[in-house]
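Summary of structural features
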Amino acid sequence: MASTSSSGGGGQKVALDLRGERVSLEREALMELPESVLLCLFPNGVVLSPQRQPRLDGTEDPDEAEDVYFVDFDARCLEFVLQFFGSARDSFYGPPQGPKRDLSDVALPPGQSNMQNPLFLKQAIIVLREELEYFAIPPKGAAPLSEGAAPEASLPRTHENGQPNAALVKLKLDAGNALLARRSIFTALQRNVNRENNVAEQHLIDMLCMSGFERDDNWGYRSIEPNRCCIASIALVLLKTGIVHPPIVDPSVPTPEGAEPPTPESKTPKVNAQQLATAQKLLLFWRKPARKCWWDATDIVLNEGTAEAQEIKVWARRVWTLELSLI
(Lines give C-alpha, C1' and ligand atoms only; values in the text may rest on other atoms or scores of the structure.)
Protein backbone atom coordinates (compact mmCIF):
# COMPACT_ATOMS: atom_id res chain seq x y z
CA MET A 1 0.00 0.00 0.00
CA ALA A 2 1.29 3.43 -0.89
CA SER A 3 1.16 5.90 1.97
CA THR A 4 1.15 9.69 1.75
CA SER A 5 1.23 12.02 4.73
CA SER A 6 0.72 15.78 4.85
CA SER A 7 2.79 16.28 7.98
CA GLY A 8 4.76 14.48 10.59
CA GLY A 9 1.70 14.04 12.79
CA GLY A 10 -0.44 10.98 13.20
CA GLY A 11 -3.80 12.16 11.91
CA GLN A 12 -6.71 9.96 10.92
CA LYS A 13 -5.85 7.87 7.87
CA VAL A 14 -8.11 7.43 4.85
CA ALA A 15 -7.58 4.51 2.46
CA LEU A 16 -8.49 4.96 -1.20
CA ASP A 17 -8.61 2.30 -3.90
CA LEU A 18 -7.76 4.19 -7.09
CA ARG A 19 -8.58 1.89 -9.99
CA GLY A 20 -7.01 -1.05 -8.16
CA GLU A 21 -4.11 0.83 -6.57
CA ARG A 22 -4.33 1.35 -2.81
CA VAL A 23 -3.32 4.75 -1.38
CA SER A 24 -3.43 5.75 2.28
CA LEU A 25 -3.30 9.40 3.28
CA GLU A 26 -4.26 11.58 6.20
CA ARG A 27 -7.77 12.96 6.27
CA GLU A 28 -6.35 16.48 6.62
CA ALA A 29 -4.36 16.05 3.40
CA LEU A 30 -7.45 14.73 1.63
CA MET A 31 -9.65 17.66 2.65
CA GLU A 32 -6.88 20.08 1.64
CA LEU A 33 -7.06 18.95 -2.00
CA PRO A 34 -8.49 21.33 -4.62
CA GLU A 35 -12.28 21.38 -4.87
CA SER A 36 -12.16 20.23 -8.50
CA VAL A 37 -10.04 17.19 -7.57
CA LEU A 38 -12.30 16.32 -4.62
CA LEU A 39 -15.27 16.50 -6.98
CA CYS A 40 -13.60 13.93 -9.24
CA LEU A 41 -12.79 11.69 -6.27
CA PHE A 42 -16.25 11.98 -4.72
CA PRO A 43 -18.83 13.10 -7.34
CA ASN A 44 -21.65 12.79 -4.78
CA GLY A 45 -19.82 14.72 -2.07
CA VAL A 46 -17.20 13.74 0.49
CA VAL A 47 -18.96 11.28 2.80
CA LEU A 48 -16.33 9.16 4.51
CA SER A 49 -18.53 6.29 5.62
CA PRO A 50 -17.46 2.63 5.53
CA GLN A 51 -17.34 1.07 2.05
CA ARG A 52 -15.95 -2.42 2.50
CA GLN A 53 -15.38 -4.35 -0.69
CA PRO A 54 -17.35 -7.63 -0.69
CA ARG A 55 -15.72 -10.87 -1.83
CA LEU A 56 -16.97 -12.85 -4.80
CA ASP A 57 -19.27 -14.89 -2.53
CA GLY A 58 -20.89 -11.69 -1.25
CA THR A 59 -19.19 -11.69 2.16
CA GLU A 60 -16.74 -9.12 3.48
CA ASP A 61 -13.11 -9.82 4.24
CA PRO A 62 -12.88 -10.13 8.04
CA ASP A 63 -9.12 -9.39 7.91
CA GLU A 64 -9.61 -6.00 6.30
CA ALA A 65 -8.12 -3.64 8.90
CA GLU A 66 -9.43 -0.34 7.56
CA ASP A 67 -12.30 1.05 5.54
CA VAL A 68 -11.45 1.54 1.88
CA TYR A 69 -13.11 4.02 -0.48
CA PHE A 70 -13.23 2.92 -4.11
CA VAL A 71 -12.60 5.84 -6.42
CA ASP A 72 -12.46 6.13 -10.21
CA PHE A 73 -9.41 8.40 -10.40
CA ASP A 74 -5.83 8.20 -11.63
CA ALA A 75 -3.51 7.28 -8.75
CA ARG A 76 -0.48 8.87 -10.48
CA CYS A 77 -2.37 12.16 -10.84
CA LEU A 78 -3.30 12.19 -7.16
CA GLU A 79 0.30 11.42 -6.23
CA PHE A 80 1.47 14.36 -8.37
CA VAL A 81 -0.94 16.73 -6.61
CA LEU A 82 -0.03 15.50 -3.12
CA GLN A 83 3.70 15.79 -3.77
CA PHE A 84 3.35 19.34 -5.12
CA PHE A 85 1.20 20.40 -2.18
CA GLY A 86 3.66 18.82 0.26
CA SER A 87 6.63 20.64 -1.29
CA ALA A 88 4.73 23.93 -1.36
CA ARG A 89 3.76 23.54 2.30
CA ASP A 90 7.33 22.80 3.38
CA SER A 91 8.79 25.74 1.44
CA PHE A 92 6.31 28.18 3.00
CA TYR A 93 5.95 26.94 6.58
CA GLY A 94 9.21 25.03 6.93
CA PRO A 95 10.05 21.30 6.74
CA PRO A 96 8.38 18.87 9.21
CA GLN A 97 11.58 18.26 11.18
CA GLY A 98 13.02 21.78 10.89
CA PRO A 99 12.26 25.32 12.05
CA LYS A 100 8.84 26.73 11.17
CA ARG A 101 7.83 30.13 9.88
CA ASP A 102 6.22 32.13 12.69
CA LEU A 103 3.09 33.77 11.29
CA SER A 104 1.50 34.53 14.66
CA ASP A 105 2.89 38.05 14.87
CA VAL A 106 3.44 39.00 11.24
CA ALA A 107 3.63 42.78 10.96
CA LEU A 108 1.53 43.73 7.95
CA PRO A 109 2.76 46.58 5.77
CA PRO A 110 1.00 49.97 5.90
CA GLY A 111 -2.30 49.85 4.09
CA GLN A 112 -2.77 46.13 4.79
CA SER A 113 -3.23 46.27 8.56
CA ASN A 114 -7.02 46.33 8.48
CA MET A 115 -7.42 43.83 5.67
CA GLN A 116 -8.09 40.14 6.19
CA ASN A 117 -5.89 39.04 3.31
CA PRO A 118 -5.19 35.29 3.41
CA LEU A 119 -2.32 35.66 0.93
CA PHE A 120 -0.11 36.93 3.77
CA LEU A 121 -0.70 33.86 5.95
CA LYS A 122 -1.25 30.99 3.49
CA GLN A 123 0.57 29.38 0.60
CA ALA A 124 -1.47 29.95 -2.57
CA ILE A 125 -1.47 27.45 -5.45
CA ILE A 126 -3.09 27.91 -8.86
CA VAL A 127 -4.80 24.71 -10.03
CA LEU A 128 -5.58 24.34 -13.74
CA ARG A 129 -7.18 21.16 -15.06
CA GLU A 130 -8.21 20.13 -18.57
CA GLU A 131 -10.48 17.35 -19.76
CA LEU A 132 -10.05 16.83 -23.48
CA GLU A 133 -12.59 14.59 -25.23
CA TYR A 134 -11.42 13.89 -28.75
CA PHE A 135 -13.21 12.60 -31.83
CA ALA A 136 -11.00 11.22 -34.60
CA ILE A 137 -12.56 11.54 -38.06
CA PRO A 138 -11.79 8.47 -40.21
CA PRO A 139 -10.57 9.04 -43.78
CA LYS A 140 -13.21 9.40 -46.48
CA GLY A 141 -14.56 6.21 -47.96
CA ALA A 142 -14.77 4.36 -44.64
CA ALA A 143 -18.40 3.32 -44.92
CA PRO A 144 -20.08 1.12 -42.29
CA LEU A 145 -19.60 -2.62 -42.69
CA SER A 146 -22.78 -4.51 -43.49
CA GLU A 147 -23.51 -7.86 -41.91
CA GLY A 148 -21.52 -10.63 -43.58
CA ALA A 149 -19.37 -8.30 -45.68
CA ALA A 150 -15.65 -9.03 -45.85
CA PRO A 151 -13.89 -6.50 -43.64
CA GLU A 152 -10.94 -4.54 -44.97
CA ALA A 153 -8.57 -4.35 -42.05
CA SER A 154 -6.80 -1.30 -43.43
CA LEU A 155 -9.92 0.89 -43.39
CA PRO A 156 -11.20 2.23 -40.03
CA ARG A 157 -14.98 2.02 -39.98
CA THR A 158 -17.90 0.99 -37.82
CA HIS A 159 -20.11 -2.07 -38.06
CA GLU A 160 -23.83 -1.63 -38.61
CA ASN A 161 -24.35 -2.12 -34.86
CA GLY A 162 -22.18 0.93 -34.23
CA GLN A 163 -19.17 -0.97 -32.90
CA PRO A 164 -15.76 0.05 -34.28
CA ASN A 165 -13.60 -2.42 -36.15
CA ALA A 166 -9.99 -3.07 -35.14
CA ALA A 167 -8.64 -0.42 -37.53
CA LEU A 168 -10.90 2.26 -36.08
CA VAL A 169 -9.91 1.31 -32.54
CA LYS A 170 -6.25 1.65 -33.54
CA LEU A 171 -6.98 5.00 -35.19
CA LYS A 172 -8.49 6.31 -31.94
CA LEU A 173 -5.56 5.03 -29.88
CA ASP A 174 -3.04 6.59 -32.28
CA ALA A 175 -4.92 9.90 -32.23
CA GLY A 176 -4.98 9.85 -28.44
CA ASN A 177 -1.23 9.22 -28.23
CA ALA A 178 -0.56 12.01 -30.73
CA LEU A 179 -2.64 14.46 -28.66
CA LEU A 180 -1.04 13.21 -25.45
CA ALA A 181 2.37 14.27 -26.77
CA ARG A 182 1.12 17.84 -27.25
CA ARG A 183 1.79 18.96 -23.69
CA SER A 184 1.77 22.75 -24.14
CA ILE A 185 -0.87 24.35 -21.91
CA PHE A 186 -1.82 27.45 -23.84
CA THR A 187 -1.36 26.44 -27.50
CA ALA A 188 -4.97 25.35 -28.08
CA LEU A 189 -6.50 28.33 -26.27
CA GLN A 190 -4.19 30.76 -28.06
CA ARG A 191 -5.21 29.18 -31.37
CA ASN A 192 -8.84 29.83 -30.43
CA VAL A 193 -7.98 33.43 -29.53
CA ASN A 194 -6.28 33.98 -32.88
CA ARG A 195 -9.19 32.43 -34.78
CA GLU A 196 -12.02 34.30 -33.04
CA ASN A 197 -10.16 37.33 -31.65
CA ASN A 198 -11.59 36.55 -28.21
CA VAL A 199 -10.41 39.33 -25.89
CA ALA A 200 -11.64 37.59 -22.72
CA GLU A 201 -9.64 34.44 -23.47
CA GLN A 202 -6.52 36.49 -24.18
CA HIS A 203 -7.02 38.27 -20.87
CA LEU A 204 -7.26 34.88 -19.13
CA ILE A 205 -3.93 33.79 -20.63
CA ASP A 206 -2.28 37.09 -19.68
CA MET A 207 -3.60 36.93 -16.12
CA LEU A 208 -2.38 33.36 -15.61
CA CYS A 209 1.04 34.19 -17.05
CA MET A 210 1.34 37.21 -14.74
CA SER A 211 0.37 35.06 -11.76
CA GLY A 212 2.79 32.16 -12.03
CA PHE A 213 2.56 30.39 -15.39
CA GLU A 214 4.89 30.87 -18.36
CA ARG A 215 3.53 31.07 -21.90
CA ASP A 216 5.50 27.99 -22.96
CA ASP A 217 4.62 25.92 -19.87
CA ASN A 218 3.62 22.26 -20.23
CA TRP A 219 1.03 20.28 -18.30
CA GLY A 220 2.51 18.87 -15.10
CA TYR A 221 0.62 15.58 -15.45
CA ARG A 222 -1.22 14.27 -18.53
CA SER A 223 -2.70 10.86 -19.26
CA ILE A 224 -5.35 9.09 -21.32
CA GLU A 225 -8.37 7.95 -19.33
CA PRO A 226 -8.99 4.18 -19.53
CA ASN A 227 -11.66 3.02 -21.99
CA ARG A 228 -12.42 6.59 -23.08
CA CYS A 229 -11.32 8.95 -25.83
CA CYS A 230 -10.40 11.47 -23.15
CA ILE A 231 -7.15 13.02 -21.94
CA ALA A 232 -6.96 14.44 -18.41
CA SER A 233 -4.29 17.04 -17.61
CA ILE A 234 -3.38 19.14 -14.58
CA ALA A 235 -0.89 21.93 -13.91
CA LEU A 236 0.00 23.42 -10.53
CA VAL A 237 2.02 26.58 -9.89
CA LEU A 238 2.67 28.75 -6.85
CA LEU A 239 0.77 32.02 -7.07
CA LYS A 240 3.04 35.04 -7.49
CA THR A 241 1.67 37.21 -4.69
CA GLY A 242 4.35 39.88 -4.65
CA ILE A 243 4.82 39.12 -0.94
CA VAL A 244 8.33 38.31 0.29
CA HIS A 245 8.40 37.05 3.88
CA PRO A 246 11.52 37.28 6.05
CA PRO A 247 13.57 34.06 6.01
CA ILE A 248 12.71 31.30 8.46
CA VAL A 249 14.73 31.60 11.66
CA ASP A 250 15.61 28.67 13.88
CA PRO A 251 14.91 29.86 17.46
CA SER A 252 17.25 27.22 18.87
CA VAL A 253 20.23 28.82 17.09
CA PRO A 254 21.67 31.73 19.09
CA THR A 255 21.90 35.11 17.43
CA PRO A 256 25.45 35.70 16.11
CA GLU A 257 27.53 38.04 18.19
CA GLY A 258 27.19 41.60 17.00
CA ALA A 259 23.98 40.93 15.03
CA GLU A 260 20.98 43.13 15.70
CA PRO A 261 18.04 41.45 17.45
CA PRO A 262 14.85 41.09 15.39
CA THR A 263 12.56 44.12 15.35
CA PRO A 264 8.90 44.53 14.27
CA GLU A 265 10.19 46.09 11.04
CA SER A 266 12.35 43.05 10.31
CA LYS A 267 9.24 40.85 10.55
CA THR A 268 7.32 42.94 8.03
CA PRO A 269 6.98 41.26 4.62
CA LYS A 270 8.04 43.20 1.53
CA VAL A 271 5.17 43.73 -0.87
CA ASN A 272 4.98 44.48 -4.57
CA ALA A 273 1.62 46.27 -4.62
CA GLN A 274 1.03 45.79 -8.36
CA GLN A 275 1.71 42.06 -8.23
CA LEU A 276 -0.44 41.69 -5.12
CA ALA A 277 -3.34 43.42 -6.89
CA THR A 278 -3.07 40.89 -9.73
CA ALA A 279 -2.88 37.98 -7.28
CA GLN A 280 -5.99 39.15 -5.45
CA LYS A 281 -8.00 38.67 -8.64
CA LEU A 282 -7.27 34.95 -8.34
CA LEU A 283 -8.89 34.93 -4.89
CA LEU A 284 -12.20 34.96 -6.76
CA PHE A 285 -11.46 31.30 -7.59
CA TRP A 286 -10.71 30.25 -4.01
CA ARG A 287 -13.12 27.39 -3.21
CA LYS A 288 -15.06 28.45 -6.32
CA PRO A 289 -13.72 26.57 -9.36
CA ALA A 290 -14.58 28.20 -12.69
CA ARG A 291 -15.04 26.23 -15.90
CA LYS A 292 -14.56 27.10 -19.53
CA CYS A 293 -15.51 24.86 -22.46
CA TRP A 294 -14.74 25.20 -26.15
CA TRP A 295 -14.44 23.10 -29.29
CA ASP A 296 -11.20 22.86 -31.18
CA ALA A 297 -10.40 21.23 -34.54
CA THR A 298 -6.93 20.34 -35.67
CA ASP A 299 -5.13 18.14 -38.18
CA ILE A 300 -2.65 15.61 -36.81
CA VAL A 301 -0.30 13.19 -38.53
CA LEU A 302 -0.43 9.63 -37.22
CA ASN A 303 2.60 7.33 -37.39
CA GLU A 304 4.70 10.17 -38.73
CA GLY A 305 7.90 9.05 -40.44
CA THR A 306 6.61 5.56 -41.23
CA ALA A 307 4.94 3.91 -44.20
CA GLU A 308 1.62 4.04 -42.30
CA ALA A 309 1.72 7.85 -41.89
CA GLN A 310 -1.61 9.55 -42.50
CA GLU A 311 -3.17 12.92 -41.70
CA ILE A 312 -6.59 13.00 -40.05
CA LYS A 313 -8.80 15.67 -38.54
CA VAL A 314 -9.56 15.54 -34.84
CA TRP A 315 -12.29 17.45 -33.07
CA ALA A 316 -11.71 18.09 -29.40
CA ARG A 317 -14.01 19.34 -26.67
CA ARG A 318 -11.84 20.97 -24.04
CA VAL A 319 -13.04 21.79 -20.54
CA TRP A 320 -10.76 23.89 -18.34
CA THR A 321 -11.25 24.17 -14.59
CA LEU A 322 -9.43 26.97 -12.79
CA GLU A 323 -9.26 27.42 -9.04
CA LEU A 324 -7.05 28.70 -6.26
CA SER A 325 -6.04 26.57 -3.27
CA LEU A 326 -4.76 27.94 0.03
CA ILE A 327 -2.85 25.60 2.31
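Structure: see above.
Now for a look at the structure at hand. (Residues numbered from 1 in each chain as written. Predicted model: local features only at pLDDT ≥ 70, side-chain atom pairs only at ≥ 80, totals over all residues. Heavy atoms only, no water.)

Here we look at the overall build of the chain
As a reminder of what qualifies: Secondary structure elements are defined from DSSP: runs of H or I of at least 4 residues count as helices, runs of E of at least 2 residues count as strands, and each element is numbered from the N terminus. For every residue, the accessible area obtained with a 1.4 Å probe (protein chains only) is divided by the maximum for its type, and the residue is called buried under 20%, exposed over 50%, and partly exposed between those limits. Two residues form a contact once any of their heavy atoms are found within 4.5 Å. To be clear on the numbers: accessible area is Shrake-Rupley with a 1.4 Å probe, and residue cover counts the displayed protein chains and nothing else.
Within the chain one finds seven helices and eleven strands. Taken over 327 residues, the chain has a buried fraction of 39%. When contacts within the chain are restricted to residue pairs at least 6 apart in sequence, those whose partners lie at least 24 apart make up 68%. By element, 53% of the accessible surface of the chain is carried by carbon and sulfur atoms, the whole surface being about 18,500 Å².

What about the packing of aromatic side chains?
Applied cut-off: Any two of the Phe, Tyr and Trp rings considered here, Trp counted by its six-membered ring, make a pair once their centres fall within 6.5 Å; the pair's planes then place it as stacked at under 30 degrees, edge-to-face at over 60, or tilted in between. Working rule: Lys NZ or Arg CZ, within 6 Å of ring centre, within 35 degrees of ring normal, means a charge sits over the ring.
For the structure on display, the rule yields seven aromatic pairs. Plain terms: the ring middles of Trp219 and Trp320 are 6.1 Å apart, the flat faces sit at 90° to each other, and that makes the pair edge-to-face. Taken as a pair, Trp219 in the loop between α6 (199–211) and β6 (221–224) and Trp320 in strand β11 (residues 310–326) lie far apart in primary sequence, 101 residues in all. You'll find Trp219 and Trp320 in the same group, each marked buried. Through successive ring pairs, a cluster of aromatic residues spans Phe186, Phe213, Trp219, Trp294 and Trp320. Over the face of the ring belonging to Phe92 we find Arg101, whose NZ or CZ atom lies 5.4 Å from the ring centre.

Side note on the pattern of salt bridges
As a working rule, side chains carrying opposite charge can pair if their charged atoms are close by. What counts is decided by this rule: We define a salt bridge as a contact between a side-chain nitrogen of Lys or Arg and a carboxyl oxygen of Asp or Glu at a distance within 4 Å.
For the structure on display, the rule yields 17 salt bridges. Here Glu21 and Arg76 are joined by a salt bridge, their closest N and O atoms 2.9 Å apart. Of this pair, Glu21 sits in strand β3 (residues 21–26) while Arg76 sits in helix α3 (residues 75–93), and the two are 55 residues apart along the sequence. Look at Arg76 and you get partly exposed, because its relative accessible area is 38%. With its nearest N and O atoms 2.5 Å apart, the salt bridge here joins Arg191 to Asp296. A residue pair is termed long-range when its members are at least 10 positions apart, and Arg191 in helix α5 (residues 187–196) and Asp296 in strand β10 (residues 290–302) qualify at 105 residues. Take Arg191: its relative accessible area is 27%, and that puts it in the partly exposed class. For Asp296, a relative accessible area of 1% puts it in the buried group. The network of salt bridges with shared partners includes Glu130, Arg191, Arg222, Asp296 and Arg318.

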